[in-house]
Amino acid sequence: MRKLQSLIFDVDGTLADTERDGHRIAFNQAFSQVGLAWNWSIDLYSKLLAIGGGKERIRYYIEQDEPDFLSTANLDNLIIDLHQLKNQYYRKLLDQGSIPLRPGVQRLIQEAKIHRIRLAIATTSALPNVLALLENTAIDPNWFEIIAAGDIVPAKKPAPDIYFYVLEKLGLNSADCLVFEDSHHGFLASKQAGLKTIITVNDYTKNQDFTEALLVVNHLGEPDQPFTVLAGNVPEKSYLDLALIQSLF
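No experiment lies behind these values; they were computed from the predicted model shown.

Trainee: I keep staring at the side chain of Asn-129 and nothing clicks. Help me out?
Mentor: Take Asn-129: it is sitting in helix H6 (residues 127–135). Residue Asn-129 is classed as buried on the basis of its relative accessible area, which comes to 2%. Sequence-distant contacts of Asn-129, defined by excluding residues within four places in its chain, comprise His-23, Lys-86, Asn-87, Tyr-90, Arg-91 and Leu-94.

Trainee: It is not clear to me how the packing of aromatic side chains should be interpreted in this structure. Could you clarify?
Mentor: Any two aromatic rings considered together are summarised by their centre-to-centre distance and by the angle between their planes. Under the counting rule described, the total for this entry stands at 12 aromatic pairs. Among the aromatic residues, ring-to-ring pairing joins Phe-27, Phe-31, Trp-38, Trp-40, Tyr-45, Tyr-61, Phe-69 and Tyr-204 into one connected group. Cation over ring: Lys-86 sits above Tyr-90, and NZ or CZ is 5.6 Å from the ring centre. Lying over the aromatic face of Phe-249, Lys-196 brings its terminal NZ or CZ to 4.8 Å of the ring centre.

Trainee: I keep staring at the environment of Ala-149 and nothing clicks. Help me out?
Mentor: Relative to the elements of secondary structure, Ala-149 occurs in the loop between strand S3 (146–148) and helix H7 (161–170). For Ala-149, a relative accessible area of 9% translates into the label buried. The spacing of Ala-149 and Phe-210 is 61 residues in sequence and 23 Å in space, taken between C-alpha atoms. The residues contacting Ala-149, other than those within four sequence positions of it, are Thr-123, Ser-125, Ala-126, Leu-127, Val-130 and Ile-162.

Trainee: Help me understand the packing of helix H1 (residues 19–33) against helix H4 (residues 75–95), please; the structure alone is not making it clear to me.
Mentor: A packed helix pair is summarised by two numbers, namely the angle formed by the two axes and the spacing between the axes. Packing of H1 against H4 brings their axes to within 8 Å, and their N-to-C directions diverge by 125°. When the axis of H1 is compared with that of H4, the two are oblique. Note on packing geometry: the crossing formed by H1 with H4 is right-handed. Touching Asp-21, Gly-22, His-23, Ile-25, Ala-26, Phe-27, Gln-29, Ala-30, Phe-31 and Gln-33 of H1 are Leu-82, Leu-85, Lys-86, Tyr-89, Tyr-90 and Leu-93, all from H4. Of the residues belonging to the contact of H1 with H4, the class tally is 10 nonpolar, four polar and two charged.

Trainee: Hey, could you run me through empty space enclosed by the protein in this one?
Mentor: If a probe the size of a water molecule is rolled over the atoms, the empty space left behind becomes visible. Taken as a whole and judged by the stated rule, the model has one cavity of 30 Å³ or more. Each pocket or cavity is described by its volume, and for the largest cavity that value is around 40 Å³. Lining the largest cavity are Thr-14, Arg-102, Pro-103, Val-105, Phe-180, Thr-200, His-219 and Leu-220. Across the lining of the largest cavity, the residue classes tally to four nonpolar, three polar and one charged.

Trainee: What is the right way to look at H4 in this model?
Mentor: Every α-helix winds through 3.6 residues per turn, so residues three or four apart in the chain are directed the same way. Its 21 residues give H4 an end-to-end C-alpha distance of 30 Å, which sits within 8% of 30 Å, the value for a rise of 1.5 Å per residue. Every buried residue of H4 is listed here: Leu-75, Ile-79, Leu-82, His-83, Leu-85, Lys-86, Asn-87, Tyr-89, Tyr-90, Leu-93 and Leu-94. Buried residues belonging to H4 abut H1, helix H3 (54–65) and H6. Where H4 terminates, the next one or two residues include Gly-97, which has phi positive at roughly 75°.

Trainee: Quick question: what am I supposed to make of the side chain of Asp-241 here?
Mentor: By the element assignment, Asp-241 lies in the loop between strand S7 (229–231) and helix H9 (242–248). Overall, Asp-241 belongs to the buried group, its relative accessible area being 9%. Here Lys-237 takes part through its side chain, which lies 2.6 Å from a polar atom of the side chain of Asp-241. At 2.9 Å, the side chain of Asp-241 and the backbone nitrogen of Leu-244 are in polar contact.

Trainee: I would appreciate a short explanation of H6 in the present structure.
Mentor: Residues of H6 that are buried include every one of Asn-129, Val-130, Ala-132, Leu-133 and Leu-134, and no others. Packing partners of the buried residues in H6 comprise H1, H4, strand S2 (118–122) and S3.

Trainee: I keep staring at the pattern of salt bridges and nothing clicks. Help me out?
Mentor: A side chain of one charge can pair with a side chain of the opposite charge when the charged atoms of the two come close. Taken as a whole and judged by the stated rule, the model has 11 salt bridges. Note that Glu-56 and Lys-156 form a salt bridge whose closest N and O atoms lie 3.3 Å from each other. With Glu-56 in helix H3 and Lys-156 in the loop between S3 and H7, the pair connects residues that are 100 residues apart, well separated along the chain. Looking at Glu-56, the relative accessible area reads 31%, which means it is partly exposed. A salt bridge links Glu-145 to Arg-118; the shortest N-O distance between them is 2.6 Å.

Rules of the game
Residues numbered from 1 in each chain as written. Predicted model: local features only at pLDDT ≥ 70, side-chain atom pairs only at ≥ 80, totals over all residues. Heavy atoms only, no water. Helix = DSSP H or I, 4+ residues; strand = E, 2+ residues; numbered from the N terminus. Buried < 20%, exposed > 50% of the residue type's maximum accessible area, 1.4 Å probe, protein only. Contact = heavy atoms within 4.5 Å. Phe/Tyr/Trp six-rings, centres within 6.5 Å; stacked < 30°, edge-to-face > 60°. Lys NZ or Arg CZ within 6 Å of the ring centre and 35° of its normal. Axes fitted to C-alpha atoms, helices over the stretch in contact; angles between N-to-C directions. Parallel < 35°, antiparallel > 145°, perpendicular 65-115°, else oblique. Left-handed = near helix turned anticlockwise from the far one by under 90°. Nonpolar A, V, L, I, M, F, W, Y, C, P; charged D, E, K, R; others polar. 1 Å grid on protein atoms, 1.4 Å probe; cavity = no way out; pocket = protein on both sides within 12 Å on 5 of 7 lines; lining within 4 Å. Points joined across faces, edges and corners; volume = space filled by probe spheres on them. Expected span 1.5 Å × (residues − 1). Polar contact = N/O pair within 3.5 Å; in protein donor to acceptor, adjacent residues only side chain to side chain. Salt bridge = Lys/Arg side-chain N within 4 Å of Asp/Glu carboxyl O.

So this is what it looks like as structure tokens:
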């Protein structure tokens, strides 16, 4: 059995449920701030999540729902400014403590740190947003050897580029690492990089296709908050820890 050397985490939807009541709210606040009568509902945002990256999401929305804005002068700058404003509102939400970590995340990260399993992050989220989430949920960003975020690679998930970047920086093979993702696009990225992946679904992703994932659960679980296994075989256990991961690995 190969020995696990590194855990690599996605952020949005994986470490915390940041999308529906975090990023979506912040986008709407940014739109309102600049006088745009755009409102991304929960259902609409579910569709927009198919587009990786916040700036890319805004552009796609304009192309599909507000095509008149395509002729706006300096459209690229408008999108950049909207995204930056959104990030400011998002970090205010984090500062308020309104977005906690998902069950089992902090416990597993701390266990990995104790056992000297190398930690990394691979996300399309902007680096300041990642750092703000970690700092507001009592996880030290310095625990992560690599934080690959935002536009660090040109092609975002579902392209595998971010995972190849992390593997190169870690100096590890894909067979040495395990990824945690929450979405089909994220899973496609990790799978194309040859990485074994555990999926922790959320309300937006629970019906997506995760065929070939190592394990699919509703969350990582706690001793007093059992997870539900949606796909995969595990021994009788209520939560995911390093021992269980190594048995699957």
